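# Structure at a glance
Given next are the chains, with one letter for each unit.
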Amino acid sequence: MADGALYITTPIYYVNDKPHIGHAYTTTVCDVWARSMRAAGHDVFFLTGTDEHGVKVEKSAAEHDTTPQEWADRNAAEFQKVLAVFGLTNDDFIRTTEPRHTRQVQAFVERLKATGDVYLGRFEGWYDEGQEEYHTDTKARELDYKSPVSGRPLVRAEEQNYYFRLSAYQARLEALFAERPEFVRPEARRNEVLGRLREGLQDVPVSRTNFRWGIAMPDDPEHVIYVWIDALFNYVTALGLGDAEPGPRQRYWPATYHVIGKEILWFHAVIWPALLMALELPLPGCVYAHSFWIADGQKMSKSLGNFVDLPTIERFLGHYGLDAWRFYMATKGPLGAHDADFSARHFHEVYTTDLVNTVGNCASRVTAMIGKYFDGAVPTEAPDGSRILVAEHDWPALASGASESSLEAIERLDLAGSIEQVLGLVRRVDGFINLTEPFKLAKDPGRRNELGAILYQCVESVRIAAHLLEATMPERMSQLLEALGGRIAGPLADAVRWGGLQPGTQVAKVALFPRLEALDQLAPSAP
Ligand code: MSP
């Protein structure tokens with residue numbers, strides 16, 4: 001991964017939709033990564049925002065008897081409001097109707113006109129009105145001339161428009177994919193893009209004349225900049241890259257990760273890098289396209305009543321707490337090539353197994369024993385100067401192995417893998433307690449040193465685990481760290497070094513994750 005400043009982005013969400021699990025998911029994935037990288041000592045910028053132009057916004061505003069700007073303001077506020085609900089730590093929230101964005105988009109398009117990459121021409125193709133997207137003849141045939149999203153027929157459309165000379169970037173894009181296999185992840189998604197790339201690229205429209213609600217084309221205000229082109233630029237306008245004086249945020253470019261859902265991969269993996277090439281800007285490190293949440297085994301839909309919308313999510317948050325929600329998103333979400341199924345039953349199982357029975361139980365057992373046998377003061381690991389190796393467990397090595405693997409995994413955006421390393425450590429602590437039976441040793445005053453050594457190793461491992469899990473579960477893990485005498489300042493690599501917890505530190509008994517009844521259905525009103 002690149003050194004220095006790091007930058008992670010979510011897609012900017014359409015203001016026409018209400019926030020739901022899909023949006024919350026992508027933003028939470030980015031948040032866990034951003035928090036981890038910050039904790040590791042990096043200078044991180046984390047961006048999310050809203051996509052506010054286009055026909056759909058124009059139409060909905062009219063239907064609601066209001067102006068597009070009013071409508072966008074109202075819905076963008078909904079998205080902003082939920083950031084806190086999910087504990088998200090974005091550094092900025094960009095809205096495509098903000099002057100800082102529109103001004104820079106115009107400047108970029110002007111530059112593209114000047115280089116000849118944007119030209120006025122005529123275009124004909126298969127248009128998906130809902131998605132505001134054109135498909136090639138081959139693709140349209142494959143789709144049976146229906147929108148893959150709404151199922152509505154594609155329409156044959158012809159326009160005089162400005163076009164971006166995408167076809168000129170075929171060879172450079174192929175070279176990019178060959179030279180940087182990690183540019184699009186996961187692998188299955190990369191292969192899809194490569195397959196389509198080999199069919200050959202056509203130029204794409206960058207302006208429209210069929211709607212007004214958008215950014216005017218420089219020097220030709222009859223034309224409005226196509227909403228996708230407008231939207232993609234958010235990643236650089238938020239950093240001020242299109243301004244004459246780009247300012248301090250330019251150090252974050254190129255993005256380390258653009259995290260998106262698989263349905264918008266083409267724009268990000270092909271059109272976006274080609275635009276950047278045309279502008280001679282560096283390319284992002286990785287476009288990461290995750291799969292989808294489905295619910296109860298089916299595609300989410302309002303008519304089936306299985307849509308995991310904000311009120312549904314709030315029931316889960318109210319019942320299980322924010323950290324449990326974030327943990328479920330991070331460990332069971334569709335970051336890989338396959339869709340993930342959201343079900344209340346699965347959520348409950350994961351909560352009970354991993355949080356109540358593993359993390360919570362281990363932390364409470366260890367802190368309770370220190371309370372009982374050492375009056376809450378952390379015992380000494382090696383009272384006579386030599387480490388006691390009990391039951392062949394080399395805890396410093398085990399803990400540092402788990403920390404290193406966990407940090408490596410998170411850098412690769414493997415959230416589940418990163419967390420699994422830590423859960424593995426916690427499970428080992430539990431196993432070690434069962435094996436060494438400190439509660440029996442406590443009855444023998446002659447084995448007090450051994451008892452202290454065992455409990456030191458357990459509590460120190462739990463402390464390290466808490467640091468590593470804090471990006472995913474900020475509330476409960478900071479509560480745990482407080483109970484263990486407070487967090488160790490400085491970069492994560494230092495905080496998780498063995499021996500950080502000083503003997504004599506007072507620790508308090510903790511109860512982190514209460515055992516709960518299952519929430520048995522997704523929506524209260526579900527049939
Ligand atoms: N505005 C465009 C993106 C422009 S980015 C320059 C857009 N917006 S959207 O509101 O439709 O959001 C799409 C994103 O929401 C997906 O890419 C994904 O991140 C998230 N999700 C929407 N539904 C989802 C699921 N069912 N599951 C997981 N995430 C999905 O497209």
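Here the structure is a predicted model, which is why all the values come from computation and not from measurement.

## Regarding the overall build of the protein chain
Looking only at helices and strands, the protein chain has 19 helices and 15 strands in total. For 527 residues, the compact-globule estimate of 2.2 N^0.38 gives 24 Å, and the C-alpha radius of gyration of the protein chain, at 26 Å, lies within 12% of that figure. Considering only C-alpha atoms, the protein chain reaches an extent of 90 × 50 × 40 Å along its principal axes. Across the 527 residues in the protein chain, those meeting the buried criterion constitute 56%. Long-range contacts, defined here as pairs at least 24 residues apart, represent 77% of the contacts in the protein chain between residues at least 6 apart.

## As for the pairing of strand E1 (residues 6–14)
Burial within E1 is extensive, with eight of its nine residues counted as buried. When E1 meets strand E2 (residues 44–51), the two strands line up parallel, connected through seven bridges. Following the sheet pairing, Ile8 is matched in E2 by Phe46. Handedness of the crossover is the feature at issue here: the chain leaves E1, passes through helix H1 (residues 21–39), returns alongside E2, and the resulting connection is right-handed. Relative to strand E12 (residues 257–261), E1 is paired through two bridges, and the arrangement is parallel. Its bridge partner lying in E12, Thr9 is registered against His258.

## Focus: the nonpolar core
Within the largest apolar cluster, 103 residues are counted, with the highest numbers of intra-cluster contacts made by Trp325 and Phe342. A total of 14 residues in this core trace back to one element, the largest contributor, which is helix H13 (residues 344–374). Apart from the residues within four sequence positions on either side, Trp325 is in contact with Ile21, Phe86, Ile313, Phe316, Leu317, Phe342 and Phe347. Of all hydrophobic cores here, the second largest spans 63 residues; its members include Val206, Tyr252, Ile271 and Leu279.

## Examining the pairing of strand E3 (residues 92–95)
Burial of E3 is two-sided: the residues Asp92 and Ile94 facing one way and the residues Phe93 and Arg95 facing the other way are all buried. Sheet topology note: the E2/E3 ladder contains four bridges and is parallel. Bridging from a neighbouring strand, Thr48 pairs with Phe93 of E3.

## Examining the site of the ligand
Near the ligand you find 23 residues, and of these Ile12, Thr26, Asp51, Gly261 and Trp293 are the closest. Contacts to the ligand include Tyr14, whose backbone N or O atom sits 2.9 Å from an oxygen atom. The side chain of Asp51 places a nitrogen or oxygen atom 2.7 Å from a nitrogen atom of the ligand. Expressed as a share of its isolated accessible area of 670 Å², the protein-covered part of the ligand is 94%. Contributions of two or more residues to the shell around the ligand are made by E1, H1, helix H8 (227–232) and helix H9 (234–237). Tallying contributions element by element places E1 first for the shell around the ligand, with four residues. Its residues assigned to classes, the shell around the ligand shows twelve nonpolar, nine polar and two charged.

## A look at helix H2 (residues 55–63)
Buried within H2 are the following residues: Val55, Val57, Ser60 and Ala61. Along its buried surface, H2 packs onto helix H3 (68–85). Immediately downstream of H2, the backbone of Asp65 shows phi near 60°, a positive value.

## Here we look at unusual backbone geometry
Cis peptide bonds are those with omega within 30 degrees of zero, and the linkage from Arg185 to Pro186 qualifies with -10°. With respect to the helices and strands, the residue Pro186 is situated in the loop between strand E7 (184–185) and helix H7 (187–198). Following Trp253, the chain continues into Pro254 via a peptide bond in cis, with omega recorded as 5°. With respect to the helices and strands, Pro254 occurs in the loop between H9 and E12. Phi at Glu280 is positive, roughly 60°, even though this residue is not glycine. Note on placement: Glu280 falls in the loop between helix H10 (265–278) and strand E13 (286–290).

## Observations concerning the state of the cysteines
Under the counting rule described, the total for this entry stands at zero disulfides. Here Cys458 is not cross-linked by a disulfide; its sulfur's nearest cysteine counterpart is in Cys362, at 6.9 Å. Cys458 sits in the buried class, given a relative accessible area of 0%.

Parameters and conventions
- Residues numbered from 1 in each chain as written.
- Predicted model: local features only at pLDDT ≥ 70, side-chain atom pairs only at ≥ 80, totals over all residues.
- Heavy atoms only, no water.
- Helix = DSSP H or I, 4+ residues; strand = E, 2+ residues; numbered from the N terminus.
- Rg over C-alpha atoms; globule rule 2.2 N^0.38 Å.
- Buried < 20%, exposed > 50% of the residue type's maximum accessible area, 1.4 Å probe, protein only.
- Contact = heavy atoms within 4.5 Å.
- Pairing = 2+ DSSP bridges.
- Right-handed = clockwise from strand over helix to strand, strands pointing away.
- Core = buried A, V, L, I, M, F, W, Y, C linked by side-chain atoms within 4.5 Å.
- Near = heavy atom within 4 Å.
- Polar contact = N/O pair within 3.5 Å; in protein donor to acceptor, adjacent residues only side chain to side chain.
- Areas by Shrake-Rupley, 256 points an atom, 1.4 Å probe, with all protein chains shown as cover.
- Nonpolar A, V, L, I, M, F, W, Y, C, P; charged D, E, K, R; others polar.
- Disulfide = S-S within 2.5 Å.

On their own, these measurements won't tell you what the molecule is for.
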